[in-house]
Amino acid sequence: RPRYALSTKSQFVFAMKIYFCGSIRGGRDDREVYKQIIAMLKESGTVLTEHIADDKLEAEGEKDMTEREIFDRDVAWLKESNVVVAEVTQPSLGVGYELGLAESLEKPTLCLFRTTSNRSLSAMIGGNPKYTIHNYSDISSLPDVFQTFLSKHA
């Protein structure tokens, strides 16, 4: 089950494949938060969905692909991933779908909710015992959360 790669320092390190979920068509207000989270996650593995933080990606979605191509690609990435990390502060139908699919695929899933957002987390996310929920107010607290979650699922 573990996947290892040899680093440049001749030490074995875990090569984790991480599927990151964040809102696209549901709203791009948290793009800067996504950028910071993805940068942190890249310290521990490959983020398959790095494009979520792309400045060129607007709420209309990816314009160079059909909806079916996006769906097929994202489902393949989700199946390939070792874990799922979702920023769930910005409500999104797509993120909700990805979370449901991740659960059906039995992917370990970490959901991040920013308590300073003046929003409420859906009970369907917060009440799901299959998800690890982490409420945060300061993004600087997340590296320790990621280390704990990812090492548990290594």
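In what follows, the structure referred to is the one given above.
Residues numbered from 1 in each chain as written. Predicted model: local features only at pLDDT ≥ 70, side-chain atom pairs only at ≥ 80, totals over all residues. Heavy atoms only, no water.

Chemist: Could you give me a rundown of the overall build of the protein chain, with the residues and numbers involved?
Modeler: Across its full length, the protein chain carries five helices and seven strands. Starting at the N terminus, the α and β elements of the protein chain follow one another as β-β-β-α-β-α-β-α-β-α-β-α. Taking 154 residues into account, the globule formula puts the C-alpha radius of gyration at 15 Å, and the protein chain, at 15 Å, falls close to it. Each of the three principal axes of the protein chain carries a C-alpha extent, and together these read 45 × 35 × 30 Å. Taking as baseline every contact in the protein chain between residues at least 6 positions apart, the subset at least 24 positions apart corresponds to 65%. Only carbon and sulfur atoms are counted for the fraction: they give 51% of the accessible area of the protein chain, which is about 8800 Å². (Helix = DSSP H or I, 4+ residues; strand = E, 2+ residues; numbered from the N terminus. Rg over C-alpha atoms; globule rule 2.2 N^0.38 Å. Contact = heavy atoms within 4.5 Å. Areas by Shrake-Rupley, 256 points an atom, 1.4 Å probe, with all protein chains shown as cover.)

Chemist: Lay out unusual backbone geometry with the relevant residues and their values.
Modeler: Trans is the prevailing form of peptide bonds, just as negative phi is the prevailing case for residues other than glycine. The phi angle at Glu 106 is positive, at roughly 60°, despite the residue not being glycine. Tracing the backbone through its elements, the reader meets Glu 106 in the loop between α3 (93–104) and β6 (109–114).

Chemist: Give me the pattern of salt bridges: which residues, what numbers.
Modeler: Going through the model one piece at a time under the given rule, you end up with eleven salt bridges. Between Arg 114 and Asp 30 there is a salt bridge, with the nearest N and O atoms lying 2.9 Å from each other. Taken as a pair, Arg 114 in strand β6 and Asp 30 in the loop between β3 (16–21) and α1 (31–41) lie far apart in primary sequence, 84 residues in all. There is no split in this pair, since Arg 114 and Asp 30 are both buried. Ionic pairing is found between Asp 72 and Arg 68, a salt bridge with its closest N-O pair at 3.0 Å. Note that Asp 72 and Arg 68 are positioned in helix α2 (residues 67–80) at a spacing of four residues, about one turn of the helix. Accessibility expressed as a relative area gives 35% for Asp 72, which makes it partly exposed. Residue Arg 68 is classed as exposed on the basis of its relative accessible area of 58%. (Salt bridge = Lys/Arg side-chain N within 4 Å of Asp/Glu carboxyl O. Buried < 20%, exposed > 50% of the residue type's maximum accessible area, 1.4 Å probe, protein only.)

Chemist: So what's going on with the packing of aromatic side chains? Which residues, and what values?
Modeler: Taken as a whole, this structure holds two aromatic pairs when the rule is applied. Centroid distance Phe 20 to Tyr 34: 5.6 Å. Interplanar angle 65°. Geometry classified as edge-to-face. Of the two residues, Phe 20 sits in strand β3 while Tyr 34 sits in helix α1, which places them 14 residues apart along the sequence. For the pair Phe 20 and Tyr 34, one class covers both residues: buried. Taken together, a centroid distance of 6.2 Å and an interplanar angle of 50° make the contact between Phe 71 and Tyr 97 tilted. Of this pair, Phe 71 sits in helix α2 while Tyr 97 sits in helix α3, placing them 26 residues apart in sequence. What makes Phe 71 partly exposed here is its relative accessible area of 38%. (Phe/Tyr/Trp six-rings, centres within 6.5 Å; stacked < 30°, edge-to-face > 60°.)

Chemist: Provide a residue-level description of the packing of α1 against helix α5 (residues 142–152), including the pertinent values.
Modeler: Two elements in contact, α1 and α5, have axes separated by 10 Å at closest approach and are oriented at 45°. For the element pair α1 / α5, the angle class is oblique. Where α1 crosses over α5, the handedness of that crossing is right-handed. Two secondary-structure elements touch here, α1 through Ile 37, Met 40 and Leu 41 and α5 through Leu 142, Pro 143, Phe 146 and Leu 150. Partitioned by chemical class, the residues of the contact of α1 with α5 number seven nonpolar, no polar and no charged. (Axes fitted to C-alpha atoms, helices over the stretch in contact; angles between N-to-C directions. Parallel < 35°, antiparallel > 145°, perpendicular 65-115°, else oblique. Left-handed = near helix turned anticlockwise from the far one by under 90°. Nonpolar A, V, L, I, M, F, W, Y, C, P; charged D, E, K, R; others polar.)

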